[in-house]
There are 2 protein chains.
Amino acid sequence: MDLYSGYINQLIEEFAKLPGVGNKSAQRLALHIINMPKEHVEHFANVMTEAKNHIHYCKSCYTLTDQELCPICANQGRDHTTIMVVENIRDLAAYEKTGKYEGVYHVLHGAISPMLGIGPNDIKLKELVKRLEEDVKEVIIATNSSLEGETTAMYISKLIKPTGVKVTRIASGVPVGGDLECIDEMTLLRALEGRTEL
Amino acid sequence: MDLYSGYINQLIEEFAKLPGVGNKSAQRLALHIINMPKEHVEHFANVMTEAKNHIHYCKSCYTLTDQELCPICANQGRDHTTIMVVENIRDLAAYEKTGKYEGVYHVLHGAISPMLGIGPNDIKLKELVKRLEEDVKEVIIATNSSLEGETTAMYISKLIKPTGVKVTRIASGVPVGGDLECIDEMTLLRALEGRTEL
């Protein structure tokens, strides 16, 4: 017998489609929505459709914005000759939160993954190459240090080097505050390889 | 500088208000919504408001339903003389999933908690007592075995006993498949106290 009414089941299903939301969390979230004041639910639903309707990719760096250019690309105070390449917008947000990076970004929206059938044409690579026609001095590759991230980094590096633009990769190593004994061997080896003189 | 546009920030805020959703998850969910096809977002928003508009408490047991009575209370095949009292709908769902309980339920929507200022009048207790006017033989108290759940169980038991209705409490003990050495002392003591003859 069906425990919940169709309305609740549909809402649970919708929540369960979201990333990182299992069946139990979806049930919890749906029941929470039902218990919220009606105006609040309507506001939430409205915010959702409004955001979807007004947000699109920045025409330069492909992050999300409701303008033609995102606030970072539109900011003339940033260094537009340095482009940091990230896999997704959350990675951009993470670097932006450091408050120390002054260049601009390029969001690939994915990484090359033969396993998942994602090739170079499925991510915003052509768009990156096109940006190099302008005055760009350095491309910093900040893809993840996963297999896909590394593959993508290698690919981009080979693609860009012939153009003469400097290509760098963010360092891989022991996280700040990390306890050596808790860190995997690959990271330890990377940290050793990447050692710098004091 | 504000990284995301106002639309995205609002959506992140809405998600972050949900239970168990932190700032990072909220960001992830909001960006996922933005990347979903437009029709899907509209459907989600619609399902949310529709569910809120059509769902209310069952007038008998106070679970959620879109009818006057929930499917359990409306089912004449269930044993209406046995009422299991639970703190919330998720607990009802958990027992219902066992498929073995044939009685009906009563959802308190909370538990007595002097710490949080939740008294007997803040949960559906009067409504439970009122149901005893009909032909009820047993009230099974299935509140959590937390401090609040136990307090509530004691309170209900004292409230109902004078009416002559049988009051029982679900057993507390070692979970099935549980490893004794991983179980806390309170549970071990409960399991000992509640031992049954073989």
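All of these numbers come straight from a predicted model, not from anything done at the bench. (Residues numbered from 1 in each chain as written. Chains lettered and ligands numbered in written order. Predicted model: local features only at pLDDT ≥ 70, side-chain atom pairs only at ≥ 80, totals over all residues. Heavy atoms only, no water.)

### Quick notes on the packing of helix 3 (residues 38-54) of chain A against helix 2 (residues 23-35) of chain B
What counts is decided by this rule: Every axis corresponds to a line fitted to the C-alpha atoms, with the helix fit spanning only the stretch in contact, and the corresponding angles, defined between N-to-C directions, vary from 0 to 180 degrees. A run of DSSP states H or I qualifies as a helix once it reaches four residues; a run of E qualifies as a strand once it reaches two. Both are numbered from the N-terminal end. With respect to orientation, any angle under 35 degrees is reported as roughly parallel, any angle over 145 as roughly antiparallel, any angle of 65 to 115 as roughly perpendicular, and every other angle as oblique. Crossings are sorted by hand: turned counterclockwise from the far helix by less than a right angle, the near helix makes the crossing left-handed, and turned clockwise it makes it right-handed. The contact criterion used is simple: two residues touch if any of their non-hydrogen atoms lie within 4.5 Å. Three classes are used, and their members are as follows: Ala, Val, Leu, Ile, Met, Phe, Trp, Tyr, Cys and Pro are nonpolar, Asp, Glu, Lys and Arg are charged, and the others, Gly among them, are polar.
Where helix 3 of chain A contacts helix 2 of chain B, the two axes come as close as 9 Å, and the packing angle between them is 60 degrees. Here helix 3 of chain A is positioned oblique relative to helix 2 of chain B, judged by the angle of their axes. For the pair helix 3 of chain A and helix 2 of chain B, the sense of crossing is right-handed. Residue-level inspection shows Met48, Ala51 and Lys52 of chain A of helix 3 of chain A in contact with helix 2 of chain B, the latter providing Ile33, Ile34 and Asn35 of chain B. Broken down by class, the residue content of the contact of helix 3 of chain A with helix 2 of chain B amounts to four nonpolar, one polar and one charged.

### Overview of the interface of chain B and chain A
Counted only if it meets this: By definition, the buried area sums, over both parts, the 1.4 Å-probe accessible area that each loses when the two are put together. Basic side-chain nitrogens of Lys or Arg form a salt bridge, by our definition, when they fall within 4 Å of a carboxyl oxygen of Asp or Glu. Think of a polar contact as two N or O atoms within 3.5 Å of one another; within protein, one of them needs to be a possible hydrogen donor and the other a possible acceptor, and neighboring residues in sequence only count if both atoms come from side chains.
In this complex, chain B contributes 53 residues to the contact, which on the side of chain A involves 53 residues. Contact between chain B and chain A buries roughly 5300 Å² in total, counting both sides, with carbon and sulfur atoms accounting for 74%. For the chain B face of the interface with chain A, the top three residues by lost area are Tyr7, Met48 and Lys52 of chain B, together amounting to 14%. At the boundary of chain B and chain A, one finds zero salt bridges. In this assembly, chain B and chain A are joined by nine residue pairs in polar contact (both at pLDDT 80 or more). Counting only elements with at least two residues in the side of chain B that touches chain A, the list comes to helix 1 (6-16), helix 2, helix 3 (38-54), helix 4 (71-74) and helix 5 (89-98) of chain B. Counting residues per element, the side of chain B that touches chain A draws most heavily on helix 3 of chain B, which supplies 15 residues.

### Details of the confidence of the model for chain A
To keep things clear, this is the line we draw: For every residue, the pLDDT score states the predictor's confidence, bounded by 0 at the bottom and 100 at the top.
Predicted confidence across chain A gives a mean pLDDT of 89, with 97% of residues reaching 70 or more. This prediction of the complex comes with two scores: 0.73 for pTM and 0.73 for ipTM.

### Brief notes about the sheet that holds strand 6 (residues 166-169) of chain A
Residue and element names in this part refer to chain A. Under the convention used in this document: Think of it this way: DSSP has to see at least two bridges between two strands before they count as a pair.
Pairing in this open sheet of four strands is parallel, and the strands run 4-3-5-6 from one edge to the other. With one partner strand each, in any of the chains shown, strand 4 (103-107) and strand 6 form the two edges of the open sheet. Strand-to-strand twist across the sheet, computed as the mean angle between neighbouring axes with direction ignored, equals 25 degrees. Note: strand 3 (residues 79-86) against strand 5 (residues 138-141), four bridges, orientation parallel. Across the sheet, Thr82 pairs through a bridge with Glu138, a residue of strand 5. Against the sheet, helix 7 (residues 147-160) contacts strand 3, strand 5 and strand 6, and its axis sits at roughly 170 degrees relative to strand 6.

### As for the layout of surface pockets
What counts, and what does not: Whether a set of points on the 1 Å grid over the protein atoms alone is a cavity depends on a 1.4 Å probe fitting there but being unable to get out, while an open set qualifies as a pocket with protein on both sides within 12 Å along at least five of seven lines; lining residues are those with an atom within 4 Å of a point. Grid points are joined across faces, edges and corners, and a volume is the space filled by probe spheres set on the points.
In this model, the largest pocket occupies a volume close to 490 Å³. Lining the largest pocket are 20 residues, and of these Ser145, Ile170, Ala171, Ser172 and Gly173 of chain B lie nearest its centre. Only helix 5 and helix 8 (185-193) of chain B provide two or more residues apiece to the lining of the largest pocket. Considering only residue class, the lining of the largest pocket consists of seven nonpolar, seven polar and six charged. Here the second largest pocket defines a volume of roughly 400 Å³. In terms of lining residues, the second largest pocket is bounded by 16 residues, among which Lys24 and Gln27 of chain A together with Arg90, Ala93 and Lys97 of chain B are the most central. Contributing elements (two or more residues each) for the lining of the second largest pocket: helix 1 (6-16) and helix 2 (23-35) of chain A together with helix 5 of chain B. In terms of residue count, the dominant contributor to the lining of the second largest pocket is helix 5 of chain B (six residues). Taken together, the residues that form the lining of the second largest pocket break down as six nonpolar, four polar and six charged.

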